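Here's the letter readout for the chains.
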Amino acid sequence: MRKVALKNVWKIYTNAKNVSPAVQDFNLEIEEGEFIVFVGPSGCGKTTTLRMIAGLESITKGTLEIDGKIVNDVSPKDRNIAMVFQNYALYPNFDLFENIAFGLRLRKVEKYKIDEMVSEKARKLQIDHLLDRQPKDISGGQRQRVALGRAIVRDPSVFLMDEPLSNLDAKMRTEMRTEIIKLHKELKATTVYVTHDQTEAMTMGDRIVVMNAGEIQQIGEPEEIYTNPKNMFTAGFIGSPQANFIRARLIRNHSGEYWFSNSYFLIRIPGEKVTENLKEYVNGDVVGGIRPEFLEMAKTDEEEDGSLLKGEVDLVELIGANRYVYVKCGTDTVTVRCPIWAKYGTGDKVKIRLNMNLFWFFNPTTGERIY
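Residues numbered from 1 in each chain as written. Predicted model: local features only at pLDDT ≥ 70, side-chain atom pairs only at ≥ 80, totals over all residues. Heavy atoms only, no water.

## Let's talk about the state of the cysteines
Scanning the entire structure with this criterion turns up zero disulfides. Between Cys329, a free cysteine, and Cys338, which holds the nearest cysteine sulfur, the sulfur-to-sulfur gap is 12 Å. In this structure Cys329 comes out as buried when scored by relative accessible area, which is 0%. Judged by relative accessible area, which is 5%, Cys338 ranks as buried. (Disulfide = S-S within 2.5 Å. Buried < 20%, exposed > 50% of the residue type's maximum accessible area, 1.4 Å probe, protein only.)

Spelled out as structure tokens, the structure:
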């Protein structure tokens, strides 16, 4: 059993001037063998939460359970946890073999077992031919493999990884991301991974915990987080480029139809999208949200049918196989993902078709989703 449970966990820092909660009322159950990712901007509390699991930070309020036991007051060395740090934290005066073996020697493991265990893990990580080198003599990606080897060699209950790929270049990050996923599938170890990179979160996690300002914004599988965000923060943070947000009024005409409207557009809302919750906002402001890939360019001579935005191209970015076209629509800028062969230039007059079935509505004050 390698389950981790955080129940109503708070971390509050106090000084002479104020009380500052870094993590607020954090509740999460991590299942045995699960790969879970904490993602959010710098300062959101994700690393602090990871350090509380490791025992490197005390818990102000709440409880932490590992394998069904409360471990708030258990020292880090007795939690059977391995942590991989952002800066690798290798011993510069040890060769790679001794860096991996260090924890085993502290536990008085027999020498022949140490040799076997280190050699086995080094082969898995493809660094067995480097074991006699010093950390300064190898690349960043190889150092990260050594740090992983030091973590997995002890067969810990839980792996904790604090932005382990952030110091690598883009190509190496992609390679190491794949290696870590393969390693997790092989070891089936409970893993908590911290990152500010939403691409890492989406590609690696069984579940994602989106955090902001010390609070959980949403927990879910990657596809759920992407297609069904609970609030504007999650919708905007997950996805690149971020989701489009448009503020307008919700109105109802004499025929009983509902429309999303401001001074430069009038968009009909399909009947199946008009919930009782949404009706409460009639004659008031709401924020509409939709991802760039859920939009498409319409023909400029296409007749108005209640689903078109008109605007002028402000900027075009070519990224891989896609062109991202930024269109100025009144006071808002709307991003549309187009195929590489779609040719648009600054100043072009365009029309954008909205797929209202993939459109979200949010409370303009709280940012919470209107379901």
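## Describing the sheet that holds strand 20 (residues 360-362)
Pairing between sheet strands relies on hydrogen bonds along the backbone, with the strands arranged either parallel or antiparallel. If you walk across this open sheet you meet the five strands as 13-12-11-14-20, and the pairing is antiparallel. What marks the edges here is a single partner per strand, and that holds for strand 13 (265-269) and strand 20. Strand after strand, the sheet turns through a mean of 40 degrees between neighbouring axes, direction not considered. With seven bridges joining them, strand 11 (residues 244-252) and strand 14 (residues 284-290) adopt antiparallel strand pairing. Bridged to Asn244 within strand 14 is Ile290. (Pairing = 2+ DSSP bridges. Helix = DSSP H or I, 4+ residues; strand = E, 2+ residues; numbered from the N terminus. Axes fitted to C-alpha atoms, helices over the stretch in contact; angles between N-to-C directions.)

## Here we look at a negative patch on the surface
A contiguous patch of negative charge, built from Asp206, Glu221, Glu223 and Glu224, is present on the exposed surface. According to the relative accessible area criterion, Asp206 is partly exposed, its value standing at 39%. (Patch = residues over 30% accessible without salt bridge, like charges linked within 9 Å, V, L, I, M, F, W, Y side chains within 5 Å. Areas by Shrake-Rupley, 256 points an atom, 1.4 Å probe, with all protein chains shown as cover. Salt bridge = Lys/Arg side-chain N within 4 Å of Asp/Glu carboxyl O. Lys, Arg positive; Asp, Glu negative; His and termini not counted. Charge placed at Lys NZ, Arg CZ, Asp CG, Glu CD.)

## Concerning the packing of helix 2 (residues 96-106) against helix 4 (residues 140-152)
Relative to each other, helix 2 and helix 4 sit at 30 degrees, their axes nearing to 7 Å. Judged by the angle between their axes, helix 2 and helix 4 are roughly parallel. Note that helix 2 runs across helix 4; the crossing there is right-handed. In this structure, helix 2 uses Leu96, Asn99 and Ile100 to contact helix 4, whose residues at the interface are Val146, Gly149 and Arg150. Looking at the contact of helix 2 with helix 4, its residues break down into three nonpolar, two polar and one charged. (Parallel < 35°, antiparallel > 145°, perpendicular 65-115°, else oblique. Left-handed = near helix turned anticlockwise from the far one by under 90°. Contact = heavy atoms within 4.5 Å. Nonpolar A, V, L, I, M, F, W, Y, C, P; charged D, E, K, R; others polar.)

## Points about the nonpolar core
One broad rule of soluble globular proteins: the nonpolar side chains tend to lie buried together. One finds Val118, Ile180 and Tyr193 to be the most contacted residues of the largest nonpolar core, which totals 42 residues. Dropping the residues within four chain positions of it, Tyr193 is found in contact with Phe35, Ile36, Val37, Phe38, Met161, Pro164, Leu165, Ile180, Glu200 and Met204. Counting 30 residues, the second-largest nonpolar core is a separate cluster that includes Phe260, Ile269, Ile290 and Phe359. (Core = buried A, V, L, I, M, F, W, Y, C linked by side-chain atoms within 4.5 Å.)

## Some remarks on the pattern of salt bridges
Side-chain pairs of opposite charge can arise whenever the charged atoms involved come near each other. Following the criterion strictly, the structure yields 18 salt bridges and no others. Two residues, Glu31 and Lys3, come together in a salt bridge whose shortest N-O distance is 3.9 Å. Taken together, the positions of Glu31 in the loop between strand 2 (19-30) and strand 3 (35-39) and Lys3 in the segment before strand 1 (4-14) put the pair 28 residues apart, joining distant regions of the chain. Take Glu31: its relative accessible area is 38%, and that puts it in the partly exposed class. Within the structure, one salt-bridge network assembled from shared partners comprises Lys3, Glu29 and Glu31.

## Let's talk about the sheet that holds strand 6 (residues 81-84)
With mixed pairing, the six strands of this open sheet are ordered in space as 6-7-8-3-9-10. Looking at the sheet topology across the chains shown, the edges are occupied by strand 6 and strand 10 (215-220). Across the sheet, the mean angle separating the axes of adjacent strands is 15 degrees when strand polarity is ignored. Lying on the sheet, helix 1 (residues 46-54) is in contact with strand 3, strand 6, strand 7 (158-162), strand 8 (190-195) and strand 9 (207-212); it crosses strand 7 at an angle near 150 degrees.

## Points about the pairing of strand 16 (residues 308-319)
Where strand 16 lies against strand 19 (residues 349-354), five bridges are found, and the strand directions are antiparallel. Bridged to Leu308 within strand 19 is Arg353.

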